[in-house]
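As a plain string of letters, each chain reads:
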Amino acid sequence: MAASHVNLDALIPREDFESTAGSAGGRLRETISLSDLEETGFFQRSLRKPDFQRETTHWTPAAVCDLVWAYLEGHLIPAVILWQSGDKVFVIDGAHRISALIAWIRDDYGDGTASNARFGSGLTDEQKRVAKRTRDQVRKKIGSYAEFKGLIDQEISDPQKAKWVSRIGTGSVEIQWVTATNSKAAEDSFFKINQAAQPIDPTERRILQTRRSPNSIAARCIARGGKGHKYWSSFDRETQEEIESIGEELNSILYDPPHSGPVTTTDVPIAGQGYSALPFVYELVSVCNKIPLPTSSSAKKLPEPLPEDKDGQETLAFLKSVKSRLRLISTNYSGSLGLHPLVYCYSSTGNFQPNAFLATVSFAELVKERRKKEEFTKYRERFEKYLLRNRTFVSLTMSRLGASGRSQPRIIDLYWSILSEMLDGAADDEILPRLTIRKEFAHLKQLEVPPPGAEFEGGKKSASSASKSSAFIRNAMETPLKCGICGAAVHCNSITFDHIVRVRDGGGNRGEDMQPTHPFCNSGIKS
């Protein structure tokens, strides 16, 4: 999902369908008014989202603003679909519509009271920026809800504002009710309605439908840094706290330091922007725990889902597996290779490439399993310079096989094959011809004779964000901060300092006596 989408997920609380029972009785209402959605309104207190529903993070600032404007103008807004269970009313369809109106009423576009209470330290800089942009856009085009409340019983000279004040008092959104008599039937209705309106991709569908499985719980915990709705709340307190602690740690490993384009520093997070990254994190959990991924974005047949985690121990095991894999490629853990994300995980134009990241996680594990960390380190500087010069290898592979589970094994094989050619003594200019004689890399043949006009053209009016990122990355990675032992680029999240001459051999502790190194180079090579 694009990082410019507004996070409205905290405005309607989530709840487990199956935790409610019985009927509230009485006649079901036909409409929702703005006063119903105020914090002091009785109806908004009963509103819930099903815990399996995807996050309310798919609208842009313009879409939020346009919805509020359309409501005030009296334009047709599609009915929301609700289901009543006990004293709770679940939003089956229309969560974004209702949340946009609540956001206007409460002035909470992802950074207000409810959002801070829900996300806490998980409130990212990007989420705050998008919230401010949304608020500014709404206030410029419409004004704040508080401003219109202040106009009640006042003489209003502006006919537009007078019209909108009237509409606030008389307008409403229509309701359609799901007549299902149990939670299973209501859940089936949700998937039928939402799949028909906007097909859900296989990864997201699996997360929604297997919300109590350990991989789904682990992914949600990592994506939100242990914050937000607690899908792990049924576990004992000690297990909950451990899950939240590891989730917060993994989120930090993936997404610190914060980043937004264009790329103007080599201190980028290893996994791009952490805003609304649940499907990616779910795939990361799957890769780290050897769970098959869908082979394409249109795949209808999915592997059998994992069973429900009853006590949280499987979720913890999944989280610990992810932690082990991530420590191998980042952090200051003594065995960490400290792989630089601008070499392995970003395109030449600064875009984070999820499949390249996931392939890198598996490649590093392969290097470890085959006991090749020392040999990799010996050739690492040359290997990474080769990857930087030939970034199109990965993009062409993803174009060939698609940005799905199919391309990841091929990227891993590509990395391993390049390393193997170097270990076998091949010169750099011999590697591509050797690769292209193999069927699985035949798509790289076009690089041997680049077609005319292969270079990207710059923007006509001004340099784009991609062009700026490309220029920075190209120059910065020509002379990066280097490891004093292997010579390859060092990333800010995986840096240790080594005595050039050991203290026991007479070395000192002054700045000139020290050099930056990768953790493994420091502890595993120079030991």
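Because the structure is a prediction, the values reported are computed rather than measured. (Residues numbered from 1 in each chain as written. Predicted model: local features only at pLDDT ≥ 70, side-chain atom pairs only at ≥ 80, totals over all residues. Heavy atoms only, no water.)

1. Regarding the overall build of the chain
Counting secondary structure elements, the chain contains 22 helices and 8 strands. Within the chain, buried positions represent 53% of all 527 residues. For the chain, the proportion of contacts with a sequence separation of at least 24, taken over those separated by at least 6, is 75%. Of the accessible surface of the chain, which amounts to about 24,500 Å², a share of 49% is contributed by carbon and sulfur atoms. (Helix = DSSP H or I, 4+ residues; strand = E, 2+ residues; numbered from the N terminus. Buried < 20%, exposed > 50% of the residue type's maximum accessible area, 1.4 Å probe, protein only. Contact = heavy atoms within 4.5 Å. Areas by Shrake-Rupley, 256 points an atom, 1.4 Å probe, with all protein chains shown as cover.)

2. Details of the state of the cysteines
The term disulfide refers to a covalent linkage connecting the sulfur atoms of a pair of cysteines. Per the counting criterion, the structure on display carries 0 disulfides. Take C521: it sits in no disulfide, and the sulfur closest to it among the cysteines is that of C483, at 3.8 Å. Residue C521 is classed as buried on the basis of its relative accessible area of 2%. (Disulfide = S-S within 2.5 Å.)

3. Things to note about the packing of aromatic side chains
The final tally for this structure, using the stated rule, is 16 aromatic pairs. Seen from their ring centres, W83 and F90 are 6.1 Å apart, and the 35 degrees between their planes marks the pair as tilted. F90 shares its class with W83; the two are buried. Residues F363 and Y415 carry aromatic rings whose centres are separated by 5.5 Å and whose planes lie at 70 degrees to one another, so their mutual orientation is edge-to-face. Of this pair, F363 sits in helix α16 (residues 354-369) while Y415 sits in helix α19 (residues 407-423), and the two are 52 residues apart along the sequence. Y415 matches F363 in its accessibility class, with the two residues each being buried. Through successive ring pairs, a cluster of aromatic residues spans Y344, F363, F376, F383, Y415 and W416. Positioned above the aromatic ring of Y231, the side-chain terminus of R220 is 4.2 Å from the ring centre. The ring of W416 has R370 sitting right over it, with the charged end atom 4.6 Å from the ring centre. (Phe/Tyr/Trp six-rings, centres within 6.5 Å; stacked < 30°, edge-to-face > 60°. Lys NZ or Arg CZ within 6 Å of the ring centre and 35° of its normal.)

4. Here's the deal with the nonpolar core
Membership of the largest hydrophobic core comes to 80 residues, with the highest contact counts inside it found for F357, F383 and I418. Top element by residues in this core is α16. It accounts for 9 residues. Listed in part, the 42 residues of the second largest apolar core include I102, W104, Y145 and F148. (Core = buried A, V, L, I, M, F, W, Y, C linked by side-chain atoms within 4.5 Å.)

5. Quick look at a negative patch on the surface
A cluster of acidic side chains, namely D236, E238, E241, D311 and E314, defines a negative patch on the protein surface. Mapped onto the elements, E241 comes out in helix α12 (residues 237-255). With a relative accessible area of 47%, E241 lands in the partly exposed category. (Patch = residues over 30% accessible without salt bridge, like charges linked within 9 Å, V, L, I, M, F, W, Y side chains within 5 Å. Salt bridge = Lys/Arg side-chain N within 4 Å of Asp/Glu carboxyl O. Lys, Arg positive; Asp, Glu negative; His and termini not counted. Charge placed at Lys NZ, Arg CZ, Asp CG, Glu CD.)

6. Remarks on unusual backbone geometry
Residue P257 follows D256 across a cis peptide bond; omega there is -5 degrees. Of note, P257 is situated in the loop between α12 and α13 (278-288). For D107, which is not glycine, the phi dihedral falls at a positive 55 degrees. The topology assignment puts D107 in the loop between α4 (95-106) and α5 (113-119). Residue class for D107 comes out partly exposed when judged on its relative accessible area of 27%.

7. A word on α13
Among the 11 residues of α13, 10 are classified as buried, and the element is accordingly described as predominantly covered. Among all positions in α13, only L278, F280, V281, Y282, E283, L284, V285, S286, V287 and C288 are buried. At the exit of α13 stands K290, carrying a positive phi of roughly 55 degrees.

8. A word on the sheet that holds strand β6 (residues 173-177)
Taken in spatial order, the 6 strands of this open sheet run β1-β3-β5-β4-β6-β2, and their pairing is mixed. With partners counted over all chains shown, the strands left at the sheet margins are β1 (14-15) and β2 (31-32), one partner each. Pairing between strand β3 (residues 47-50) and strand β5 (residues 88-93): 2 bridges, direction parallel. Paired with R48 across the strands is F90, a residue of β5. Along the sheet face, α4 touches β2, β3, β4 (80-85), β5 and β6 and points at about 115 degrees away from the line of β5. (Pairing = 2+ DSSP bridges. Axes fitted to C-alpha atoms, helices over the stretch in contact; angles between N-to-C directions.)

9. With respect to the pairing of β5
Taking burial as the measure, the 6 residues of β5 include 6 buried ones, the bulk of the element. Here 5 bridges tie β4 to β5, and the two strands are oriented antiparallel to one another. Following the sheet pairing, I81 is matched in β5 by D93. Between the antiparallel neighbours β4 and β5 lie 2 residues, among them G86 with a positive phi of about 60 degrees.

10. Focus: the packing of α19 against helix α20 (residues 428-436)
Where α19 meets α20, the closest approach of the two axes is 10 Å, and the angle between their N-to-C directions is 130 degrees. It follows from the interaxial angle that α19 and α20 lie oblique. Taken as a pair, α19 and α20 cross one another with a handedness that is right-handed. Here L414, S417, I418, E421 and M422 of α19 lie close against α20, whose contacting residues are D428, I431, R434 and L435. For the contact of α19 with α20, a count of residues per class yields 5 nonpolar, 1 polar and 3 charged. (Parallel < 35°, antiparallel > 145°, perpendicular 65-115°, else oblique. Left-handed = near helix turned anticlockwise from the far one by under 90°. Nonpolar A, V, L, I, M, F, W, Y, C, P; charged D, E, K, R; others polar.)

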